[in-house]
Amino acid sequence: QVQLVESGGGLVQAGGSLRLSCAASGSIFSVNAMGWYRQAPGNERELVATITRGLTTNYADSMKGRFTISRNNAKNTVYLQMNSLKPEDTAVYYCTGNVISSPYYSTDDYWGQGTQVTVSS
């Protein structure tokens, strides 16, 4: 069993900052790419950012310059630093990880339960 658990969401005023964390735990051999997606009410889930195990990052255009993704491979944890937040950033933020689980070394994508981020104007 593998679990991804997010934390750090909440309510913030426009222009403020939040830092999200997501820790993977369970029967893990290794974690490949990890990432963050978000879903606002009435919208489809969209990419925020991804990061490989080798720390190569990729961002959605609207997040570049404001959001920073990072990870700690030793802790199987991914972070999302969000600055200059806007009301349109309000959404449920989900983390995901491509996990090689033990003991059979199967590879699957796992998702967290989501954490709410609300930006007030």
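That block above? That's the structure.
Below is a short write-up of the structure. (Residues numbered from 1 in each chain as written. Predicted model: local features only at pLDDT ≥ 70, side-chain atom pairs only at ≥ 80, totals over all residues. Heavy atoms only, no water.)

Examining the overall build of the protein chain
Counted only if it meets this: Secondary structure counts use DSSP, requiring at least four H or I residues in a row for a helix and at least two E residues in a row for a strand, with both numbered from the N terminus. We compute the radius of gyration over the C-alpha atoms and compare it with the globule rule, which gives 2.2 Å times the number of residues raised to the power 0.38.
Scanning the protein chain from terminus to terminus reveals zero helices and eleven strands. Secondary structure elements of the protein chain, listed N to C terminal, follow the sequence β-β-β-β-β-β-β-β-β-β-β. In summary, the protein chain has a C-alpha radius of gyration of 14 Å against a globular reference of 14 Å for 121 residues, a match within 12%. If one aligns the C-alpha atoms of the protein chain with their principal axes, the spans along those axes are about 50 × 25 × 20 Å.

Remarks on the state of the cysteines
What counts, and what does not: By definition, disulfides here are pairs of cysteine sulfur atoms that lie within 2.5 Å.
On inspection of all chains with the given rule, the structure shows one disulfide. Note on cysteine connectivity: Cys22 is disulfide-linked to Cys95, with sulfurs 1.9 Å apart. A residue pair is termed long-range when its members are at least 10 positions apart, and Cys22 in strand 3 (residues 18-26) and Cys95 in strand 9 (residues 91-101) qualify at 73 residues.

Notes on the sheet that holds strand 1 (residues 2-7)
Sheet strands line up and pair through hydrogen bonds in the backbone, either parallel or antiparallel. Where we set the bar: By definition, two strands form a pair when at least two bridges between them are found by DSSP. For helices, the fitted axis covers only the stretch in contact; all axes are lines through C-alpha atoms, and the angles between them, taken along N-to-C directions, range from 0 to 180 degrees.
Read from one edge to the other, the open sheet built from four strands follows the order 1-3-8-7, with strand pairing classed as antiparallel. Looking along the sheet, the strands with just one partner apiece sit at the ends: strand 1 and strand 7 (67-72). For this sheet the average axis-to-axis angle between neighbouring strands, irrespective of direction, equals 15°. Summarising the sheet, strand 7 and strand 8 (residues 77-82) pair through six bridges and their orientation is antiparallel. Across the sheet, residue Ile69 finds its bridge partner in strand 8, namely Leu80.

Regarding the pairing of strand 8
Condition: The rule is simple: take the accessible area with a 1.4 Å probe, protein chains only, and divide by the maximum for that residue type; under 20% is buried, over 50% is exposed, in between is partly exposed.
Counting buried residues along strand 8, five of its six residues qualify, which places the element largely inside the surrounding structure. Pairing geometry for strand 3 and strand 8, over six bridges, is antiparallel. By the bridge assignment, Leu18 is partnered in strand 8 with Met82. Linking strand 7 back to strand 8 in an antiparallel pair, the connection comprises four residues, with Asn76 at a positive phi of about 50°.

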